[in-house]
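Each chain, letter by letter, is given below.
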Amino acid sequence: MTTSTTSELAADLSNWDPENEATWDKKIAWRTLWITTYNMTLAFAVWYLVSAIAPRLNTIGFDLTQAQLYWLVALPGLAGGLIRLVFMFLPPILGTRTLVGGCATLLLLPILGWTFAVRDASTPYSVLLILAFATGIGGGSFAGFMPSTSYFFPKRMAGTALGLQAGIGNFGVSLIQFLAPWVVGFGLLGTAVLTPQQTVDGGQIWLHNAALVLVPWVILGIILAAVFLRRVPVKANFRDQLDIFREKHTWIMTAIYLMTFGAFAGFAAQFGLITINQYGGFENAPDPLKFAFLGPLLGSFTRAAFGPWCDKYGGAIWTLIAGIGMVISTIFTIFFINPTDVSQFPFFLGGMLAIFTFAGIGNAGTFKQMPTIFPKRQAGGVIGFTASIAAFGPFLVGIGLSFVAPRPFFIGATVFFAFCTWLTWHYYARPGAERPS
């Protein structure tokens with residue numbers, strides 16, 4: 001048996017250093033990336049499951065207010081952020097195989113829970129809130145998966161590898177928002193025993209399919225993780241990892257990533273409800289379910305596509321460009337909030353899609369910056385922590401829109417984006433910057 005084959009079969013890759021060609025196996029690294037990315041795509045789909053289901057709940061007999069729906073869609077963001085604060089410490093403690101496989105197994109809980117909850121319109125709102133919180137497991141996985149994958153690649157490839165993983169993983173958001181409106185229209189093969197729900201207008205809908213369709217793919221992810229993933233020798237206990245909080249650049253990068261991924265995640269979760277509330281009162285109002293997946297799709301694509309560009313030119317310059325673009329796009333969108341006519345919707349949609357697109361570019365830039373700014377062990381922790389805080393995006397946007405009118409909320413977002421863009425320029429992108437990255 002060759003040394004390469006032996007290392008692939010070993011549970012722990014004890015002699016692993018991606019910066020040393022003699023101890024780095026490209027095949028293992030890329031295999032880890034693709035399997036982890038597959039599971040993260042499903043995790044993001046689960047995280048945004050509620051955003052795909054919530055707009056249909058009242059059509060099958062639930063009686064939820066606008067505020068209750070906002071909270072229901074916001075709660076996965078709160079849960080995802082809190083769970084990420086735990087997951088960020090797990091990569092060097094559990095190792096990649098245990099972390100990815102265990103998380104994939106946990107995804108079955110909210111999937112099966114929502115499958116059966118929507119079949120009974122008398123399901124208490126408190127139960128829906130618990131199940132919404134449980135989908136946060138999918139969002140929490142990011143803070144474990146991304147640092148774990150960073151251990152497998154040299155710094156020169158960090159932008160490409162992490163950009164691909166995060167970008168493709170983010171496609172899970174558009175996947176569930178695109179897939180749900182289709183699969184709820186018929187009975188899935190082999191599940192005819194699960195009868196459709198009756199809609200208030202006398203029709204039928206298989207809303208439980210939005211969750212049920214994910215089950216076999218999640219089981220496949222569990223098997224792939226158990227069979228093919230390995231652990232690398234990056235180890236640290238809980239106390240060792242706390243040193244990142246004494247570094248000011250941890251907090252600066254957290255604010256910047258909240259601008260990029262926080263906005264992406266927040267607007268992706270609430271886009272459908274914002275559209276309904278702003279344009280739903282007009283005759284021939286647009287169907288938000290036909291457009292909700294477009295923003296996450298564009299943001300995910302640009303995040304994956306710009307990884308190689310960040311490796312070539314550095315992450316800071318792309319984060320700076322993204323911040324400027326987000327500021328301009330948000331200002332443009334403000335003019336089409338509180339519309340007077342449905343004809344303004346294409347401009348509102350265009351502004352929102354531009355925000356998503358630039359947020360994706362910024363996400364790629366930040367994930368090139370962090371492995372450059374910090375040593376490898378710290379970089380993993382910083383990636384996990386910044387991802388944890390940014391995961392509160394759906395919660396912050398949802399709660400913000402619950403208490404503040406949309407136009408003031410978007411104005412506040414513009415100010416925050418401008419501040420984070422200045423931070424990027426001052427500390428990382430300008431000539432003579434403190435930490436050029």
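Calculation rules
- Residues numbered from 1 in each chain as written.
- Predicted model: local features only at pLDDT ≥ 70, side-chain atom pairs only at ≥ 80, totals over all residues.
- Heavy atoms only, no water.
- 1 Å grid on protein atoms, 1.4 Å probe; cavity = no way out; pocket = protein on both sides within 12 Å on 5 of 7 lines; lining within 4 Å.
- Points joined across faces, edges and corners; volume = space filled by probe spheres on them.
- Helix = DSSP H or I, 4+ residues; strand = E, 2+ residues; numbered from the N terminus.
- Nonpolar A, V, L, I, M, F, W, Y, C, P; charged D, E, K, R; others polar.
- Phe/Tyr/Trp six-rings, centres within 6.5 Å; stacked < 30°, edge-to-face > 60°.
- Lys NZ or Arg CZ within 6 Å of the ring centre and 35° of its normal.
- pLDDT = per-residue confidence, 0-100.
- Contact = heavy atoms within 4.5 Å.
- Expected span 1.5 Å × (residues − 1).
- Buried < 20%, exposed > 50% of the residue type's maximum accessible area, 1.4 Å probe, protein only.
- Axes fitted to C-alpha atoms, helices over the stretch in contact; angles between N-to-C directions.
- Parallel < 35°, antiparallel > 145°, perpendicular 65-115°, else oblique.
- Left-handed = near helix turned anticlockwise from the far one by under 90°.
- Core = buried A, V, L, I, M, F, W, Y, C linked by side-chain atoms within 4.5 Å.
- Salt bridge = Lys/Arg side-chain N within 4 Å of Asp/Glu carboxyl O.

Here we come to the layout of surface pockets. In this structure, the second largest pocket occupies an estimated 210 Å³ of space. As for the second largest pocket, its lining consists of 13 residues, and the residues nearest its centre are L396, V397, F409, F416 and F417. Of all the secondary structure elements, the ones that give two or more residues to the lining of the second largest pocket are α14 (248–279), α20 (393–403) and α21 (406–429). In the lining of the second largest pocket, the residues fall into 10 nonpolar, three polar and no charged.

A complete count under the given rule lists 38 aromatic pairs for this structure. Directly above the aromatic system of F367 lies the positively charged group of R303, at a separation of 4.8 Å from the ring centroid.

Moving on: the confidence of the model for the chain. Per-residue confidence for the chain gives a mean pLDDT of 89, with 94% of residues at or over 70. Mean pLDDT across the elements of the chain bottoms out in helix α1 (residues 3–9) (45) and peaks in helix α17 (residues 315–334) (98). In this model residues 1–10 is a low-confidence stretch, pLDDT under 50, and it forms 13 contacts with partners more than four residues away in sequence or in other chains.

For α21, which comprises 24 residues, the first-to-last C-alpha distance of 32 Å matches the rise-based estimate of 34 Å (1.5 Å per residue) to within 8%. Against the buried residues of α21 lie α14, α17, α18 (345–373) and α20.

Attention now goes to helix α2 (residues 26–47). The end-to-end C-alpha distance of α2 is 31 Å, a good match for the 32 Å that 22 residues give at a rise of 1.5 Å each. α2 sits mainly inside the fold: 17 of its 22 residues count as buried.

Attention now moves to the packing of α2 against helix α11 (residues 158–183). Where α2 contacts α11, the axes come no closer than 7 Å and their chain directions differ by 30 degrees. Judged by the angle between their axes, α2 and α11 are roughly parallel. The crossing of α2 and α11 is right-handed. Within the contact of α2 with α11, the residues separate by chemical class into 14 nonpolar, eight polar and no charged.

Let us look at the nonpolar core. Judged by nonpolar contacts, the single largest core of 119 residues is most densely connected at L57, W114, F142, F267 and F348. Broken down by element, the residue count for this core peaks at 17 residues, all from α14. Leaving out residues up to four positions away in the same chain, F142 has contacts with M40, F44, R84, P147, A166, Y257, R303, F367 and A387. Among the nonpolar cores identified, the runner-up in size contains 12 residues, and I28, A29, M157 and A161 belong to it.

The topology assignment puts Q369 in helix α18. Other than its neighbours up to four places away in sequence, Q369 contacts M253, G315, A316, T319, Y428 and S437.

This part is about the pattern of salt bridges. Counted by the stated rule, this structure contains four salt bridges. The salt bridge involving E21 is made with R156; its shortest N-O contact spans 3.1 Å. With a gap of 135 residues between them, E21 in the loop between α1 and α2 and R156 in the loop between α10 (142–150) and α11 connect regions that are remote in the sequence. On the basis of relative accessibility, which here comes to 51%, the residue R156 falls in the exposed class. R435 is paired through a salt bridge with E247; the nearest N and O atoms lie 3.6 Å apart. Pair noted here: R435 is in the segment after α21 and E247 is in the loop between α13 (215–228) and α14, with a separation of 188 residues, a long-range link.

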